[in-house]
Amino acid sequence: MGLDLTQGAPLLERLRHPWPDDRAERLLGAVALVVCAVVVAMVAFVADHAWPTFAHDGLSWLTPGGSLTNQFAAMQATNAHPPASAYHFNAWPIIYGTIISTAFAVLFALPLAVFSSIFIVELAPARLRAIMIPVIRLLASVPSVVYGLIGILVLVPFVGNHIISGSEKDSVASTVQLTGKGLAVTVVILTVMITPIMVALICEALAVVPKSWREGAIALGLNPLRAILAVVVRAARPAIVAAAVLATARALGEAIMISMVSGGNFFSPNLSHGVFVFLFEPLRTVASTLVDFHEGTSAPALGSALYALALLLLFSALALSVAGYLIKLPLRKYQVRG
């Protein structure tokens, strides 16, 4: 049987003449609207399930007070029709743990990412740059559970057996157990996780800054390093802010890795115990709490509390986006569009 080439003619004709711009624009606009509708529906769903907590507690659940361990246990033990008192809890310990772990990680990761990006784009030989950029992108895509596995099998035993002394463990034994799981290991792994994300984004921004800008600065008398810092990095500042915002959002929402290495304790690391002890005290974050107690949604009071925490994460992501936009506004006059 011969092959009828005329049957493929309409397909070939369509390939030669792709969609017009207006049709592609309408399709992409429809896809964007669907995505927006899905996001709005998700937020509405979470807010609806979190409403009982807000109705009974208002915003007082964001404050400190009482034992969060006992409060979660009491909520988990309630039936399908819990009393109003069952919705009471104070989430400050996990909010505090989220704030300090994220803040320290971003504080350490940002300068590392900026200087690493400067080296890769401006100073590294071409061959080394060609190797480093794919490696950085690979590190940015490594699943968080891999980092958590390294932390729980390598860093936690090392810290617990070789860094924390017996006297330091005894000094807070009546309050909390120092096992190696805690703030320091969490911050180290979070920093390692978010730095490649920032490096990848900042490298892209530095690469599109015209070389003539740097050459002009050098011609005016600046040394090469000073020209990079004063001209190239200055022009890439909006991208640096965007990278910091994305990395902060990643750190805020990280759950699996933190659940593995943070100690999983409703405890607020306390500076009054000493700076060294403070760094190794256990904690629990908002995201890791959602993972650790996700099966508790069968209890209405606990389920509502978890949805309230999820809504808090969504609001935090929105606040980060708005803050990043406001910070970038005065920097746009230096922005380079690739």
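Just so it is clear, the model here is predicted, and its values are computed rather than measured.

This brings us to the overall build of the chain. Secondary structure assignment for the chain yields 15 helices and 0 strands. Relative to its length of 338 residues, the chain is extended, with a C-alpha radius of gyration of 25 Å against a globular reference of 20 Å. Over its C-alpha atoms, taken along the principal directions, the chain stretches across nearly 70 × 65 × 50 Å. Going through the 338 residues of the chain one by one, you find that 37% of them count as buried. The long-range share in the chain, meaning contacts at least 24 apart out of those at least 6 apart in sequence, stands at 78%. Roughly 18,600 Å² of accessible area belongs to the chain as shown, and the carbon and sulfur atoms make up 69% of that amount.

Let us now look at the packing of helix α10 (residues 224-235) against helix α11 (residues 237-253). Where α10 contacts α11, the two axes come as close as 5 Å, and the packing angle between them is 60°. Taken together, the axes of α10 and α11 are oblique relative to one another. Contacts between α10 and α11 involve V233, R234 and A235 from the first element and R237, P238 and I240 from the second. Of the residues that constitute the contact of α10 with α11, the class distribution is 4 nonpolar, no polar and 2 charged.

This part is about the packing of helix α3 (residues 68-76) against helix α15 (residues 300-328). Contact geometry for α3 and α15: axes closest at 7 Å, N-to-C directions at 125°. Overall, the two elements α3 and α15 adopt an arrangement that is oblique. Where α3 abuts α15, its residues F72, M75 and Q76 lie against A301, L302, A305, L306 and L309. Tallied by class, the residues present in the contact of α3 with α15 amount to 7 nonpolar, 1 polar and no charged.

What follows concerns the nonpolar core. Counting 45 residues, the largest nonpolar core has I189, I194, M198, I202, L206 and M257 as its most contacted members. Put simply, the parts of the chain that give this core at least two residues each are α4 (92-123), α6 (144-163), α8 (183-207), α10, α11, α12 (256-261) and α13 (275-280). With 12 residues, the single largest contributor to this core is α8. Aside from chain neighbours lying at most four places away, what touches I202 is A113, V114, S117, I240 and A243. W61, M75, A255 and A299 belong to the second largest nonpolar core, which has 24 residues in total.

Turning next to α8. With 25 residues, α8 ought to run about 36 Å at 1.5 Å a step, and its terminal C-alpha atoms sit 35 Å apart, in line with that. At I194, α8 is deflected by roughly 25°, the largest bend along its length, and proline P196 occurs up to four residues later in sequence. Counting buried positions along α8 yields 19 of 25 residues, so the element is predominantly enclosed.

Aromatic ring pairs are described here by two measures, namely the spacing of the ring centres and the angle between the planes. Scanning the model with the defined rule gives 10 aromatic pairs in all. Ring centres of F72 and F266 lie 5.2 Å apart, and the angle between their planes is 50°; on these two criteria the pair is classed as tilted. Of this pair, F72 sits in helix α3 while F266 sits in the loop between α12 and α13, and the two are 194 residues apart along the sequence. For the pair formed by F72 and F266, the shared burial category is buried. Seen in terms of ring centroids, F276 and F280 are 4.8 Å apart; in terms of plane orientation they differ by 55°. Their pairing is tilted. Of this pair, F276 and F280 both sit in helix α13, 4 residues apart, which is roughly one turn of the helix.

Using the criterion set out here, one finds 4 salt bridges in the structure. Residue D292 is joined to R284 by a salt bridge in which the shortest nitrogen-to-oxygen separation is 3.1 Å. In this structure D292 comes out as partly exposed when scored by relative accessible area, which is 31%.

Here we take up the side chain of R214. Of note, R214 is situated in helix α9 (residues 211-219). The exposure class of R214 is buried, given its relative accessible area of 18%. The residues contacting R214, other than those within four sequence positions of it, are E122, A227, I228, V231 and V232.

A cluster of nonpolar residues, V145, V146, L149, I150, L153, V154 and I256, forms a patch on the protein surface that exposes about 590 Å² of accessible area. If you tally residues by element for the nonpolar patch, the top one is α6, at 6 residues. Owing to a relative accessible area of 46%, I150 belongs among the partly exposed residues under this scheme.

Conventions adopted
- Residues numbered from 1 in each chain as written.
- Predicted model: local features only at pLDDT ≥ 70, side-chain atom pairs only at ≥ 80, totals over all residues.
- Heavy atoms only, no water.
- Helix = DSSP H or I, 4+ residues; strand = E, 2+ residues; numbered from the N terminus.
- Rg over C-alpha atoms; globule rule 2.2 N^0.38 Å.
- Buried < 20%, exposed > 50% of the residue type's maximum accessible area, 1.4 Å probe, protein only.
- Contact = heavy atoms within 4.5 Å.
- Areas by Shrake-Rupley, 256 points an atom, 1.4 Å probe, with all protein chains shown as cover.
- Axes fitted to C-alpha atoms, helices over the stretch in contact; angles between N-to-C directions.
- Parallel < 35°, antiparallel > 145°, perpendicular 65-115°, else oblique.
- Nonpolar A, V, L, I, M, F, W, Y, C, P; charged D, E, K, R; others polar.
- Core = buried A, V, L, I, M, F, W, Y, C linked by side-chain atoms within 4.5 Å.
- Expected span 1.5 Å × (residues − 1).
- Bend = angle between axes of the 7 residues up to and from the residue.
- Phe/Tyr/Trp six-rings, centres within 6.5 Å; stacked < 30°, edge-to-face > 60°.
- Salt bridge = Lys/Arg side-chain N within 4 Å of Asp/Glu carboxyl O.
- Patch = residues over 30% accessible without salt bridge, like charges linked within 9 Å, V, L, I, M, F, W, Y side chains within 5 Å.

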